[in-house]
Every structure is written in C-alpha cells, then in structure tokens.
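This is what each chain is made of:
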Amino acid sequence: ADHEQGRQYTRGMREAAERLAAGDSSAAAELSANARGYASLLRDHIQKEDGILFPMADEVIPANRHDAVLEGFEHVEHEETGEGVHEKYLALAEALEREAAA
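Residues numbered from 1 in each chain as written. Predicted model: local features only at pLDDT ≥ 70, side-chain atom pairs only at ≥ 80, totals over all residues. Heavy atoms only, no water.

Visitor: Sorry, what's going on with the pattern of salt bridges here?
Guide: Pairing of side chains with opposite charge becomes possible as their charged atoms draw close. Tallied over the full model, the rule gives 5 salt bridges. In this structure, Glu4 engages Arg7 in a salt bridge whose closest nitrogen and oxygen atoms are separated by 3.3 Å. Residue Glu4 and its partner Arg7 are both found in helix 1 (residues 2-21); the two are separated by 3 residues, about one turn of the helix. Of the charged contacts, one joins Glu4 and Arg11 as a salt bridge, the two residues approaching to 3.7 Å between their closest N and O atoms. Three or more residues are tied together by salt bridges with common partners; here these are Glu4, Arg7 and Arg11. (Salt bridge = Lys/Arg side-chain N within 4 Å of Asp/Glu carboxyl O. Helix = DSSP H or I, 4+ residues; strand = E, 2+ residues; numbered from the N terminus.)

Written as structure tokens, this is what we have:
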C-alpha cells in the first residue's frame, strides 16, 4: 500500500511540475502538497523498515546467509538499477531541499 501511495504522490508531483513548467502557477500548491505527502510517507515507511522489517529479517534469515542477501542487494543496485542511480537521486533530493529552503 505504501508503494502504491508513493507512486500516486510521484505521479501528482510530475503532473503538477509539468503544469507549472507550462505556466500554470496554481500547480505550485499541488506540487508542494504531493512532495510533502511523499516525504511524510517515506519517513514512515523507512521507520517501518528499520524498526520492524529489517529486525524481523535478521531473525528469519540465517546469519550465514546475511552476506549473500547483501550481495544480492548490491547486484540489483549496480547491475539492474544502474551504477550511480542512488547517488543521482540523492543529489537531486538535496538540490530540491536547498531550493525549497531559499
């Protein structure tokens, strides 16, 4: 459910940003509302992962398989997602944060 809600927020941000770029200044409030909703969703989602999911996984996945799981995550990040994608989006988020603060 969190992932679907996240897709709705990002879709709303994209649509509002396109309208804003086309000159519709009323889309700024919609863009901001979707961005704030997405940020809140991410904070809650990450807290669930860190506080519930990952500790549960540590208990369920045998300790001798932890390295293999980590290697699998690294494979997806580097081979399937693409090298530098994580860093690219982190830099984008930081730039947007600076711009919003200005």
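Visitor: What is the right way to read the environment of Asp58 from this model?
Guide: Position of Asp58 among the secondary structure elements: in helix 2 (residues 27-60). Since its relative accessible area comes to 49%, Asp58 is described here as partly exposed. (Buried < 20%, exposed > 50% of the residue type's maximum accessible area, 1.4 Å probe, protein only.)

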